Amino acid sequence: METLSMDQTVTLLAGLHSEHPDGPRLVMSGNFSAPTPVLEAALPQMPRVRLHALNAQRGLPMHDGVVPETTFVGPGYRRHPRLSYVPCRLSMVPRLYHGPLRPDAVLLHTTPPRDGKVSLGLEVNVLPGAIEAARHSGAPVIAMTNPRMPWTFGDAEISLDDIDALVEVDTPLATHDPITPGADAQQIGARVAAEVRDGSTLQAGIGEVPDATIGILTERHSLRVWTEMFSDGVLSLERSGALDRGVPIVTSFIFGSQELYDWVHDNPRIMMTRTEVTNAPAKIAKQPRMTSINTALQVDLLDQANASRIGARIFSGFGGQTDFTVGASHSQGGRAFMALRSWHPKADVSTIVPLVDEPVTSFQHSAVVTEQGLAWVWGRDERTQARNLIEQAAHPDVREELWEEAAAMGLA
């Protein structure tokens, strides 16, 4: 392991072209942990490169030779003309790095070294798998160290023996300050929160509705967190005393405010875990009263959710929704909630539809929740499922039409 200047790091990355003339695959920290200073310096010197990241945010310096590659599309890659989307459940993504998506280099955003290690800080996720694949094939692993990155424990801690080079920067971290949920989201969140019992284990996906739900649970007791990600809502639960202080908070990546990052830093309560563990349905199922809260673009009368595509074009991807829906459904006392608005405000269409046209992201939820009500679906026959969705979840303006479609489908 050696410490490189930024110019030396650029030379190392640009030199990959001699071995991979069609463009090397650079697997990097994603979400709000992108190693942007190195990318800004290196990408202009790389004529062709596949830039692989999960949930990439806006502002990445991509020229015409960059192919954005991902298994979960973030706003930085969404609708990109050269997007290379690889469908895969998040728990299985690390397997790809030992096969069809083998990295030619791995670029991390970490803390400075401590006791022979660095910490991946806010973003563990699929990165340990990428590092192991790189070590196996001899591809370089480069850590951009930043003193502002929080030190987190668990699988976030990486031995310096697994890193080939360090490049030092001092740059502010990307933050995502909490947004006050709108009235619809608050109403949906309240309906879901009313079903969460003391002692439950929580997973909440990305979005306004899951955030609203978490924000209402501060009066609960002995809650646990086992989730692929969390934001400032978990800090609110901790401060309110709603969480069981004797149980670690398990997650795979974090994004939120600077206040959240300060709380996470050197906090032994936070256990960062690689995605093969966090998202493994069998491990999720072992959590007591596992309560999964996710959202979708559409849900149909057969309780199939599309959270991935709009008009056949990829919008996000499977992410962890499939893993957690299955895991929560198998947990003792667990439930999987699908929470969404009954009417899509931008598209101006109903989100409860007769039959989804796009690939299904998840199905067999415990209940579908909108601002109109809560529709229990699991364990009901298909006609009762359809009736509950129409009468208790769908917007009133489309209920008559949905009944007609349900009759045509043999569901009424």
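Residues numbered from 1 in each chain as written. Predicted model: local features only at pLDDT ≥ 70, side-chain atom pairs only at ≥ 80, totals over all residues. Heavy atoms only, no water.

Q: I keep staring at the pairing of strand E23 (residues 335-339) and nothing clicks. Help me out?
A: The buried fraction of E23 is high, at five of five residues. Where strand E18 (residues 290-294) meets E23, four bridges bridge the pair, whose relative direction is parallel. Along E23, the bridge assignment pairs Thr291 with Arg335. Here three bridges tie E23 to strand E28 (residues 367-370), and the two strands are oriented parallel to one another. Bridging across to E28, Met338 finds its partner in Val368. (Buried < 20%, exposed > 50% of the residue type's maximum accessible area, 1.4 Å probe, protein only. Helix = DSSP H or I, 4+ residues; strand = E, 2+ residues; numbered from the N terminus. Pairing = 2+ DSSP bridges.)

Q: Any chance you could explain the pattern of salt bridges here in plain terms?
A: Per the stated rule, a full pass over the model turns up 13 salt bridges. In this structure, the salt-bridge partner of Glu195 is Arg335, at a minimum N-O distance of 3.5 Å. Of this pair, Glu195 sits in the loop between helix H5 (183-193) and strand E12 (201-204) while Arg335 sits in strand E23, and the two are 140 residues apart along the sequence. Among the residues examined, Glu195 registers a relative accessible area of 26% and is labelled partly exposed. (Salt bridge = Lys/Arg side-chain N within 4 Å of Asp/Glu carboxyl O.)

Q: When you look at the sheet that holds E23 in this model, what are you seeing that I'm missing?
A: Note: strands within a sheet are paired through backbone hydrogen bonds, in either parallel or antiparallel orientation. Strands sit in the order E13-E12-E18-E23-E28-E29 across an open sheet of six strands; the sheet is mixed. With one partner strand each, in any of the chains shown, strand E13 (224-225) and strand E29 (373-376) form the two edges of the open sheet. Helix-sheet contacts for helix H6 (residues 208-216) involve E12, E18 and E23, and the interaxial angle to E12 is about 150°. (Contact = heavy atoms within 4.5 Å. Axes fitted to C-alpha atoms, helices over the stretch in contact; angles between N-to-C directions.)

Q: Could you clarify how one ought to interpret helix H11 (residues 321-330) in this entry?
A: One turn of the α-helix equals 3.6 residues, which is why residues spaced by three or four share an orientation. Burial of H11 is extensive: seven of the 10 residues sit out of reach of the surface. Along H11, the residues that are buried comprise Gln321, Thr322, Asp323, Phe324, Thr325, Gly327 and Ala328.

Q: What am I meant to see in a nonpolar patch on the surface here?
A: A contiguous nonpolar surface patch, about 220 Å² in accessible area, is contributed by Leu302, Leu355 and Met409. Tracing the sequence through the fold places Met409 in the segment after helix H13 (399-408). (Patch = residues over 30% accessible without salt bridge, like charges linked within 9 Å, V, L, I, M, F, W, Y side chains within 5 Å. Areas by Shrake-Rupley, 256 points an atom, 1.4 Å probe, with all protein chains shown as cover.)

Q: Looking at this structure, I do not really get a positive patch on the surface. What am I missing?
A: A surface patch of positive charge is lined by Arg58, Arg79, Arg313 and Lys346. Take Arg313: it is sitting in strand E22 (residues 313-314). We classify Arg313 as partly exposed; its relative accessible area is 47%. (Lys, Arg positive; Asp, Glu negative; His and termini not counted. Charge placed at Lys NZ, Arg CZ, Asp CG, Glu CD.)

Q: What exactly am I supposed to notice about a negative patch on the surface here?
A: Residues Glu400, Glu401, Glu404 and Glu405 make up a contiguous surface patch of negative charge. With respect to the helices and strands, Glu400 occurs in helix H13. On the basis of relative accessible area, Glu400 is assigned to the exposed category, the value being 62%.

Q: Where do I start with the pairing of strand E8 (residues 141-145) in this structure?
A: Side-chain positions along a regular strand alternate between the two faces of the sheet. For E8, the buried fraction is high: five of the five residues fall into the buried class. Along E8, one buried face is formed by Val141, Ala143 and Thr145 and the opposite face, lined by Ile142 and Met144, is buried too. Pairing of strand E6 (residues 105-110) with E8, which is carried by five bridges, proceeds in the parallel orientation. Bridge pairing links Leu107 to Ile142 in E8. Where E8 meets strand E11 (residues 165-168), four bridges bridge the pair, whose relative direction is parallel. When the bridges of E11 are listed, Thr145 appears paired with Glu168.

Q: Explain the packing of helix H12 (residues 382-393) against H13 here, please?
A: The relative placement of two packed helices is expressed as an angle between their axes plus a distance between the axes. At their nearest, the axes of H12 and H13 sit 10 Å apart, and the two run at 170° to each other. Put simply, H12 runs roughly antiparallel to H13. Of the residues in H13, those touching H12 at Arg387, Ile390 and Glu391 are Arg399, Leu402, Trp403 and Ala406. Across the contact of H12 with H13, the residue classes break down as four nonpolar, no polar and three charged. (Parallel < 35°, antiparallel > 145°, perpendicular 65-115°, else oblique. Nonpolar A, V, L, I, M, F, W, Y, C, P; charged D, E, K, R; others polar.)

Q: Just to check I follow, could you spell out the sheet that holds strand E2 (residues 25-28) for this structure?
A: Pairing is parallel across the open sheet formed by eight strands, whose spatial order is E1-E11-E8-E6-E2-E3-E4-E5. If you trace the sheet from one side to the other, it starts and ends with strand E1 (2-4) and strand E5 (84-85), each paired once. Taken together, the two bridges between strand E4 (residues 66-70) and E5 define a ladder with parallel strand orientation. Note on E5: the bridge partner recorded for Thr70 is Tyr85. Each of E1, E2, E6, E8 and E11 is contacted by helix H1 (residues 6-14), which is oriented at about 100° to E1, the strand it contacts most. Sheet contacts for helix H4 (residues 127-137): E2, E6 and E8; angle to E6, the most-contacted strand, approximately 140°.

Q: When you look at helix H7 (residues 232-240) in this model, what are you seeing that I'm missing?
A: All of the buried residues in H7 are Asp232, Val234, Leu235, Leu237 and Glu238. Those residues of H7 that are buried are in contact with E12, H6, E13, strand E14 (229-230), strand E15 (249-251) and helix H8 (258-264).

Q: Hey, could you run me through the packing of aromatic side chains in this one?
A: To describe a pair of aromatic rings, one takes the distance between the centres and the angle between the planes. With the rule as written, the count across this model stands at four aromatic pairs. Aromatic side chains Phe32 and Phe255 sit 4.7 Å apart centroid to centroid with 25° between the ring planes, which places their arrangement in the stacked category. On the criterion of sequence distance, the pair formed by Phe32 in the loop between E2 and helix H2 (36-42) and Phe255 in the loop between strand E16 (253-254) and H8 is long-range, its members being 223 residues apart. For Phe255, a relative accessible area of 6% gives the class buried. Lying across the ring of Phe315, Arg78 places its NZ or CZ 4.0 Å from the centre. (Phe/Tyr/Trp six-rings, centres within 6.5 Å; stacked < 30°, edge-to-face > 60°. Lys NZ or Arg CZ within 6 Å of the ring centre and 35° of its normal.)

Q: I would appreciate a short explanation of the side chain of Asn279 in the present structure.
A: Locating Asn279 in the fold gives a position in the loop between helix H9 (275-278) and helix H10 (281-285). According to the relative accessible area criterion, Asn279 is buried, its value standing at 0%. A distance of 3.0 Å separates a polar atom in the side chain of Asn279 from a polar atom in the side chain of Glu228. (Polar contact = N/O pair within 3.5 Å; in protein donor to acceptor, adjacent residues only side chain to side chain.)

Read these as spatial facts, not as claims about activity.
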